[in-house]
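Summary of structural features
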Amino acid sequence: MTTAPTSTNQSVTLPVEPEPGRRKLSTAKAMQEVISQRMTRDESVFVIGEDVGPYGGIFSSTTGLIDQFGPERVMDTPISETAFIGLGIGAAVEGMRPVVELMFADFFGVCMDQIYNHMAKIHFESGGNVKVPMVLMMATGGGYSDGAQHSQCLWGTFAHLPGMKVVVPSNPYDAKGLMAAAIDSDDPVVFMFHKGIMGLGWMAKNSRAIGAVPEEEYVVPIGKSRVAREGTDVTIVTLSLSVHHSLDVAEKLEADGISVEVIDLRSLVPLDRDAIVRSVTKTGRLIVVDEDYQSFGLSGEVIAVVAEHDASLLTSVSRVCVPDVPIPYARELESTVLPTPARIEAAVREAVSR
Amino acid sequence: MTTAPTSTNQSVTLPVEPEPGRRKLSTAKAMQEVISQRMTRDESVFVIGEDVGPYGGIFSSTTGLIDQFGPERVMDTPISETAFIGLGIGAAVEGMRPVVELMFADFFGVCMDQIYNHMAKIHFESGGNVKVPMVLMMATGGGYSDGAQHSQCLWGTFAHLPGMKVVVPSNPYDAKGLMAAAIDSDDPVVFMFHKGIMGLGWMAKNSRAIGAVPEEEYVVPIGKSRVAREGTDVTIVTLSLSVHHSLDVAEKLEADGISVEVIDLRSLVPLDRDAIVRSVTKTGRLIVVDEDYQSFGLSGEVIAVVAEHDASLLTSVSRVCVPDVPIPYARELESTVLPTPARIEAAVREAVSR
Amino acid sequence: MTLSTTPELTEETRRSLLNTMVLIRTYEEAIRREYYADKMPAFDIGAGLVPGEMHLSAGQEPVAAGICAHLTADDALTATHRPHHVAIAKGVALRPMTAEIFGREDGFGHGRGGHMHLFDPSNHFSCSGIIAEGLPPALGQAFAFKRQGNNRVAVAVTGEGAANQGAFHESLNLSALWKLPVIFVVEDNDWGISVPRSESTSVTSNAVRAAAYGMPGVRVENNSVEAVYAAGGEAVARARSGGGPTLIEVHTLRLWGHFEGDAEGYRPELKSVPDHDPIPRYRDELLQAGWLSTEQFQAMQDRAVEQVEDAIQFAKASPAPNPSEHLNYVFSEGVNS
Amino acid sequence: MTLSTTPELTEETRRSLLNTMVLIRTYEEAIRREYYADKMPAFDIGAGLVPGEMHLSAGQEPVAAGICAHLTADDALTATHRPHHVAIAKGVALRPMTAEIFGREDGFGHGRGGHMHLFDPSNHFSCSGIIAEGLPPALGQAFAFKRQGNNRVAVAVTGEGAANQGAFHESLNLSALWKLPVIFVVEDNDWGISVPRSESTSVTSNAVRAAAYGMPGVRVENNSVEAVYAAGGEAVARARSGGGPTLIEVHTLRLWGHFEGDAEGYRPELKSVPDHDPIPRYRDELLQAGWLSTEQFQAMQDRAVEQVEDAIQFAKASPAPNPSEHLNYVFSEGVNS
Ligand SMILES: Cc1ncc(C[n+]2csc(CCOP(=O)(O)OP(=O)(O)O)c2C)c(N)n1
Ligand SMILES: Cc1ncc(C[n+]2csc(CCOP(=O)(O)OP(=O)(O)O)c2C)c(N)n1
Ligand SMILES: [Mg+2]
Ligand SMILES: [Mg+2]
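What you are looking at is a predicted structure, and each value in this text was computed from that prediction instead of being measured.

Right, let's talk about the overall build of chain A for a bit. The secondary structure content of chain A amounts to 12 helices and 14 strands. Projected onto its principal axes, the C-alpha positions of chain A cover 60 × 45 × 40 Å. Expressed as a percentage of its 354 residues, the buried residues of chain A come to 76%. Put simply, of all contacts in chain A between residues at least 6 apart along the chain, 82% involve residues at least 24 apart. Put simply, chain A shows about 8,800 Å² of open surface, and 51% of that area lies on carbon and sulfur atoms.

Have a look at this one:
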């Protein structure tokens, strides 16, 4: 518990969002790099999960770490998510800074009690006396026919339950800076990376999954969204892979004289409510694009935030989400339920036509 | 699977929402009665869970059933929620109609995979060829200092994930009729009863937790909300115990000339979107009262539903929910975070003052 | 290496076991071919006629053949992310199964399920991609059978990696306690993706874990189809006669990668793996003993190819699901949310 | 019934074990008194100075005393919904613990936690109300200790009902695999709420389940504090010296209801339960053997009452948490959502 910190973290403060520079990395490489940098600097950081060792993470989040830090600090676990996430919690309580991987967000159902009743509540129940500085990272999202149990986003599920920050980067730069902030955080952070933004060689990816990343360490503060593109006609509030789809659509529609602003939320908890309101105040039109299930989740919350501020900003509002149906396997069906560029484009055209 | 139904259900169709009559029951007794009636009529119905046998359910949902039907059809289970909920799924797949109790909704984290990846998805993944006619009932809610792990509502968590109906009765009449509909349903139904509406002798309760219930069987269709009280100035959209608090407030404010309409949702999935819009169209003011956590849940969804229909109906909108904090133990703190009558009243007064 | 053959087996049974294994292998090879056909040269998991993850079972045929030989279509079986071998051995029809793997309308799930979600109600066959979570539903099927008073059984198949999951423990305890007619089959192929058994499991045999539930446990070594057959026969007979559950662990072999596309950098002995292929081994044994002729084997193979290619043709000819029906099948009455 | 006393125990150790048990019982009786004080005549679970569920540990003192005698404040312990006895034996301060149970500002959690959520960082003590889910965090504490290269250990306490939960299995496997310095203590009080052990557990002793993980397992019969002490000493020594985890099951006794207010209609032998109370039994044994005088016992009791009543006074005098601070402590920096 808090009396026994083993952290050797020498950090003072890291630069906040420096210029990206010219070096390009995939999101996966950016994550590996920052975890490696933190592990170098802080003995209390370690990595556990299924296939995070020699395999390097099914989605390459940990490639190379075991070679650098050895099997004492990068450990493959049995398929026992409850046990090893709980192990992370206990180690964090004793002052370590675990980075624990849950391979797919879809697997939360076998270990959610440790996550939401323990990791997320111990700090509160202890009246602030016990901290759980832990990162729980996991892959999310579909689009490659992995079926109903391996394609879900589910960030709304985590964000609904209090006590954990929920971070969802969309690109390599943010992934590196947000992971640094997550490891530094004294609170538990759920770090959800979409497979489609990792820049994997074996999966179709958006070109923005590879981008400029500074070599030095820096942080992107958790809770601050980013204006991924400025625009004046419509605000798209979105996150993760859908940011890229939205930017693609925005670029395309520029030719038609439609100016789209794209807000990349970067985290659900904390939610940057001010930025949402600010943008919609400017454009007067809101579209929420979310690869999670539509109802009882992020999209409703974003709309409610604006409604509570000023409902007159919502004369044009719509959602492009997964329509409350499990993710189907067949490509023809899956692409119908996902928030594809085609659906986003249609929503924007519809919005500006009103 | 569907080829081997063992159901001996002789039902033709049950009456829909008959007159309540004069016989009064607690919600717990109404639930016991309808489960007993269905078990009598249909050999394929059985009850399993922790302490559902001689104890009769920690919140009296199954009292007396083991005496009537014996330990072959009413079975206590080990503390193995994943195993026994999965057992229910497999039995349902083979044509039985299990009523499975998860003692507290708060325990979903140890068994959510069976619930959301199996119970809720098998029908879809099988292209409609395999049905899972199962009821998963569970206690929800706080207000008696049971702390952060035993006081949660969590219906937003279930409702966000596709494939299960989510039913939340507020009173004995509805509990009986909705449970009949749930057992009859060919789809999985999550049946969430608030401890405070059960009419338990050992817990403070709202007087409406005991009410008129017909002795004969009937159904309350799943997916249809109820106007619990008509009014013209403000719409409160709510459910479960908060319906009673809202009605108490409405009665009180009548004296001040404030007319409050109270919509009892009765289910989250399906959500009666039309009724929400209809009422807000009439009153022009919306308050969502929800004992679940505020963000990324029911309250946002209700507001979004109205915004998508006509945002000009939302000039007065607010939420009375649990403010994204775990439920605290101390009474002084818990009553501050719960949607108490005092908070509801304040919200109504604020709404009509605008 | 010789197999421990079971003396009382008839030649016919032996050929039938081999035949099942050959059919499975033929199937997996064909799926593999189709899977890669339109993903090369740059492998893209989401591309091609068969997209998504693909977990094939080559090398594990003895488990499927040996266990399922004792089952009828009325018995239930739940499988894992690696389901084809047990599906085929259980008698699941190749055409709708293959159409589902191709994501077509004539598939078991009208393309909703895919390779990890095959549901054949007429065979009481199902599978799930979540580790060890296929076990609990098998308990419920067994429970229903027991209540029906017939002698049907349920088999739950899982990997050795999965035996460290909580659902495994809960399922074994509950089934033993309630004396449910279940057979738990653990396929120990030494690996859970890249994690060797020694780094996942604190004991060398999962059979010893049966004692923690007071149920019989047996470990079958050497990937021997006849030894699996023997152990399966005993366990199924026990379950049918009301004797409750049994745990069978089979030391088997994952001949290929965890999923297709797996470079297997973590498996140093990879090169020697094919030497342990159970099919040529068993074939040679039967040939040598005179229980099988080369002609018979050739006929088996021909028939397998015919069946498999027919199924693949069927799948390819089946239409894609209609995108406008993307909201179907969430609930039985059609409402969604 | 005689206890198997351990010859090498000093008189002092014996008295110290008894003393711990007496302190615990005194505490539980006082909490019970306070709990009911303002809930009668019509019992209302949410009313009174101590609201909510209340799981008391009377009868299970031998487990707490025998195990914790081997621990220091640097060792960790995770407890369950029934945490007071182990908290007290572990050395947790009564004042902030009691204030927390009363929901006061000076409680360990400033009133946020309550009786099932007591966190004492200086003693590395914690508890949780979710069955078996206290085990995994203990693994992490042990992991941290191991990494620190010291010889601290972690103890995870749980009930026999909890031993059927998946988290139990996963935790035992992982700790055995990684040779973590953990001691798993199963308190078998024959009941999980109203469900008798025979209806929850497929084996008669959880100690046999240790074999499923290749770890030593021992069952202590007869609720004997000295036998617990002996088993605990061995297990703690093993863990401290790098020998890995141990499973200890103690057959103990739930003297009262599952929670206060439990009418226990399901427990037919209820009337004979008090006859098995371990405290008078052990007291008489020590008196008879001349290891304890009546005066010494009286002094123990007096001191216990004094400590306990002091804690209760402290709790009652502590202010209620300030309702305006209801959003505090969600995150360390104060933001909530
Ligand atoms: C709960 C859960 N955790 C992790 C995974 C990811 N996963 C899929 S297969 C697999 C390995 C399974 O190993 P084993 O049980 O031995 O089966 P095998 O693949 O060897 O047949 C893992 C970890 C999953 N599907 N579900
Ligand atoms: C996951 C979960 N399921 C069910 C419960 C409800 N519950 C609380 S205590 C208890 C019985 C526990 O029995 P046991 O482990 O033997 O401990 P004991 O109460 O006898 O000390 C149950 C079922 C819970 N808290 N958590
Ligand atoms: Mg394996
Ligand atoms: Mg017990």
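After presenting the structure, the write-up continues.
The next subject is the overall build of chain C. A tally of regular secondary structure across chain C gives 9 helices and 8 strands. Taking 20 Å as the expected radius of gyration for a compact globule of 337 residues, we find that chain C reaches 20 Å, a close match to that expectation. Along the longest, intermediate and shortest principal axes, the C-alpha atoms of chain C span 50 × 50 × 40 Å. Nonlocal contacts in chain C, meaning residues at least 24 apart in sequence, comprise 74% of its contacts between residues at least 6 apart. Carbon and sulfur atoms make up 53% of the accessible area of chain C, which totals about 10,700 Å². In chain C, 27 positive and 42 negative side-chain charges are present, and the distance between their average locations comes to 3 Å.

This paragraph deals with the site of ligand 2. Contacts to ligand 2 come from 22 residues, most closely from Glu-81 of chain B together with His-81, Arg-82, Gly-129 and Asn-189 of chain D. Chains contributing residues to the immediate surroundings of ligand 2 are chains B and D. The separation between an oxygen atom of ligand 2 and a polar side-chain atom of Arg-82 of chain D is 2.8 Å. Across the complex, the protein chains shield 98% of the 580 Å² of accessible surface that ligand 2 would expose by itself.

It is worth spelling out the domain arrangement of chain A at this point. The parts lose accessible area when they come together, and the size of an interface is often stated as this lost area. Residues and elements named next belong to chain A. One can read the domain layout of chain A as domain 1 (24-212) and domain 2 (226-353). Taking the mean C-alpha position of each, domain 1 and domain 2 sit 26 Å from one another. The interface of domain 1 with domain 2 comprises 30 residues on the first partner and 28 residues on the second. In total, domain 1 and domain 2 occlude about 2,300 Å² of area from one another, counting both sides; carbon and sulfur atoms represent 55% of this. For the domain 1 face of the interface with domain 2, the top three residues by lost area are Ser-145, Trp-155 and Arg-208, together amounting to 26%.

To continue, consider the relation of the copies chain B and chain A. For the pair chain B and chain A, the superposition axis carries a translation of 0.0 Å, the fit reaches an RMSD of 0.0 Å, and the rotation angle comes to 180 degrees. Given the turn and translation reported, the copies of this chain are related as if by a two-fold rotation axis. Relative to the rotation axis, the closest C-alpha in chain B is found at Gly-300 of chain B, a distance of 2.3 Å. Taken together, the interface assignments show that 100% of the residues at the interface of chain B recur at the interface of chain A, consistent with an identical surface on both copies.

Residue and element names in this part refer to chain A. Between Val-269 and Pro-270 the backbone carries a cis peptide bond, its omega angle lying at -10 degrees. Along the chain, Pro-270 falls in the loop between β12 (267-269) and α9 (273-283). In this model, Leu-154 sits at a positive phi of 65 degrees, which is unusual for a non-glycine residue. Along the chain, Leu-154 turns up in the loop between β5 (135-140) and α6 (155-160). For Leu-154, a relative accessible area of 0% corresponds to the buried category.

Basis of the calculations
- Residues numbered from 1 in each chain as written.
- Chains lettered and ligands numbered in written order.
- Predicted model: local features only at pLDDT ≥ 70, side-chain atom pairs only at ≥ 80, totals over all residues.
- Heavy atoms only, no water.
- Helix = DSSP H or I, 4+ residues; strand = E, 2+ residues; numbered from the N terminus.
- Buried < 20%, exposed > 50% of the residue type's maximum accessible area, 1.4 Å probe, protein only.
- Contact = heavy atoms within 4.5 Å.
- Areas by Shrake-Rupley, 256 points an atom, 1.4 Å probe, with all protein chains shown as cover.
- Rg over C-alpha atoms; globule rule 2.2 N^0.38 Å.
- Lys, Arg positive; Asp, Glu negative; His and termini not counted.
- Charge placed at Lys NZ, Arg CZ, Asp CG, Glu CD.
- Near = heavy atom within 4 Å.
- Polar contact = N/O pair within 3.5 Å; in protein donor to acceptor, adjacent residues only side chain to side chain.
- Domains from an automatic or database assignment.
- Buried area = accessible area lost by both parts, 1.4 Å probe.
- Least-squares fit on C-alpha atoms with pLDDT ≥ 70 in both.

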